[in-house]
Amino acid sequence: MTVNNTDLFLVERSGTSHKLQAQNLVAELQDTDLMLVERSGTSYKATGSDIKDSLGGGSLPSFDIDDCFSCFEFTGNGTSQTFNLGLDLLSDGGMVWIRNPTGSDHYVFTTATGNNKALRLNNGGTPGTESNSLTFTNTGFTLGSNSTFNGNGNVRAVMVWKCHTGFFDLVTYTGSGSANTVSHSLGAAPRMVWVKNVESSGNWAWYIESEGSNGFSEGNVTNNTQSNNIIWDQKCPNTTSFFLDGTYSFSNENNQDYVAFVFGGSYDPGYPVRFGTYWGKDQGPFEVPSFGDSKKPQFILGKCTAAQFGYSTQAAYAIDKASGMPGFTNSGSRSIIWRFNTSTVSLGSSGLTYGTDVFKIDKNDAIISKDSHKYMYMAYRED
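Residues numbered from 1 in each chain as written. Predicted model: local features only at pLDDT ≥ 70, side-chain atom pairs only at ≥ 80, totals over all residues. Heavy atoms only, no water.

Undergrad: With reference to specific residues and values, describe the nonpolar core.
TA: One finds Trp97, Trp161, Phe167, Phe261, Phe263, Phe299 and Tyr380 to be the most contacted residues of the largest nonpolar core, which totals 41 residues. When sequence neighbours within four positions are dropped, the list of residues in contact with Phe299 reads Phe69, Trp97, Met159, Trp161, Ala318, Ile319, Asp320, Met325, Met378, Ala379 and Tyr380. Counting 21 residues, the second-largest nonpolar core is a separate cluster that includes Tyr278, Ile337, Leu347 and Ile367. (Core = buried A, V, L, I, M, F, W, Y, C linked by side-chain atoms within 4.5 Å. Buried < 20%, exposed > 50% of the residue type's maximum accessible area, 1.4 Å probe, protein only. Contact = heavy atoms within 4.5 Å.)

Undergrad: For the environment of Ile337, give the residues involved together with the corresponding values.
TA: Assignment of secondary structure puts Ile337 in strand β26 (residues 336-339). On the basis of relative accessibility, which here comes to 0%, the residue Ile337 falls in the buried class. Between the C-alpha atom of Ile337 and that of Met325, which follows or precedes it by 12 residues, the distance is 8.4 Å. Ignoring any residue separated from it by four or fewer positions in sequence, one finds Ile337 in contact with Tyr317, Ala318, Ile319, Thr344, Val345, Leu347, Lys363, Ile367 and Ile368. (Helix = DSSP H or I, 4+ residues; strand = E, 2+ residues; numbered from the N terminus.)

Undergrad: Hey, could you go over the sheet that holds strand β23 (residues 286-289) for me, with residue numbers and the actual values?
TA: Ordered in space as β23-β29-β28, the three strands form an open sheet in which the pairing is antiparallel. At either end of the open sheet lies a strand with only one pairing partner, and these are β23 and β28 (352-354). On average, each strand axis in the sheet is inclined to that of its neighbour by 30 degrees, with strand direction left out of account. Bridging between β23 and strand β29 (residues 358-361) involves four bridges; their strand directions are antiparallel. Within β29, the residue paired with Glu287 across the bridge is Lys360. (Pairing = 2+ DSSP bridges. Axes fitted to C-alpha atoms, helices over the stretch in contact; angles between N-to-C directions.)

Undergrad: Give me unusual backbone geometry: which residues, what numbers.
TA: Despite not being glycine, Asn132 shows a phi value in the positive range, around 50 degrees. By the secondary structure assignment, Asn132 is in the loop between β10 (128-129) and β11 (134-136).

Undergrad: Could you give an account of the side chain of Asn150, with specific residues and numbers?
TA: Its place among the elements puts Asn150 in helix α4 (residues 147-150). A polar side-chain atom of Asn150 sits 2.7 Å from a polar atom in the side chain of Gln81. Asn150 has contacts with Phe74, Gly76, Asn77, Gly78, Thr79, Ser80, Gln81, Leu143 and Gly144, leaving out every residue within four places of it along the chain. (Polar contact = N/O pair within 3.5 Å; in protein donor to acceptor, adjacent residues only side chain to side chain.)

Undergrad: Let's hear about the sheet that holds strand β13 (residues 155-162): which residues, and what values?
TA: The strand order across the open sheet formed by six strands is β5-β13-β7-β8-β9-β10, and the pairing between neighbours is antiparallel. Both edges of this open sheet fall to β5 (69-75) and β10, since each of them pairs with a single strand only. The pairing of strand β9 (residues 117-120) with β10 spans two bridges and is classified as antiparallel. Among the inter-strand pairings, Ala118 is bridged to a residue of β10, identified as Gly128.

Undergrad: Quick rundown of the pattern of salt bridges? Include the residues and the values.
TA: Two side chains with opposite charge may pair up if their charged atoms get near one another. Using the criterion set out here, one finds 11 salt bridges in the structure. Note that Asp320 is salt-bridged to Arg99, the shortest N-O span being 2.1 Å. Of the two residues, Asp320 sits in strand β25 (residues 317-320) while Arg99 sits in strand β7 (residues 94-99), which places them 221 residues apart along the sequence. Summarising the burial analysis for this pair, Asp320 and Arg99 share the class buried. A salt bridge links Glu211 to Lys374; the shortest N-O distance between them is 3.5 Å. Of this pair, Glu211 sits in the loop between β17 (205-208) and β18 (215-218) while Lys374 sits in strand β30 (residues 373-381); the two residues are 163 residues apart in sequence, bridging distant segments of the chain. Accessibility expressed as a relative area gives 15% for Glu211, which makes it buried. Taking relative accessible area as the criterion, Lys374 reaches 18% and is therefore assigned buried. (Salt bridge = Lys/Arg side-chain N within 4 Å of Asp/Glu carboxyl O.)

Listed below in structure tokens is the structure:
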């Protein structure tokens, strides 16, 4: 008998029964959940941790967040400046995301697309050549005289990802227009994958594990997660590959070149990258599971994936300590939410607070929290 993606598994959680779809089992199964298993005619209860280990969703690679991620603000000097971060982007690969804290453009440079070429997370264009902008180095990156990124006296926020086992990987591939298996080197099953056509314009295609192998999101627009049983070939990524099918210009058009951003993490506490889902509400604050310790998140990325009762969904959002995040200092005393499709919105000094193993959202805005809206999130622990 074949198990379908939408088949339900019954699990016991804190004495209460819960139903989890097969396609979301590894993503949503908690370590302390119990499932009934039969072995050699004898029934026993296995823990969620044991189940995930056997399915390849456990035993995640360990790492320190500051070995592969950096988030800071800087002031441009109009000429050239080098950032020595201890991150070998030139050899290991990675990306640099630069933003004007008061603007709306999200520029992403990657080692896959090369020096001085930037994609924009807030639109679907191809990589644009930005002369004298950014060059990758063995310790970080160097900025040139391009005023968009290094204008004299201009403050910019920057986030840096280095490819690292369990954390992040960059992949390039060519579309086939049919079933296509793309290898990655994350060393774990991805929790999220972004795909961008680098030859033709088109929206960013997002795979989000909590939405399953039939779920398709577009990070830079306000669509719901769409049901599409072709784009990811009805298969969740595994520890070595992700899967595509169909002739879609944004993911797998024949002879088109693509770059994929592959993100790792965990749905359980105690890991430096935490994934999860939540339902928003108008009247906060409400608690979102964090890291199981006293560490604050230094970066949160989220996306409204569903809206009920005719409400509209939202593009992705990001909050980071460099652009402005409660609990961290910055030059402009900012506290903002980045929206991927338009300008920022104020978060406020009390819009995000922190507990021992949760962070609390108190912001009535559909981009991050609204009644009858479902959201996914990825949070990075402070170093």
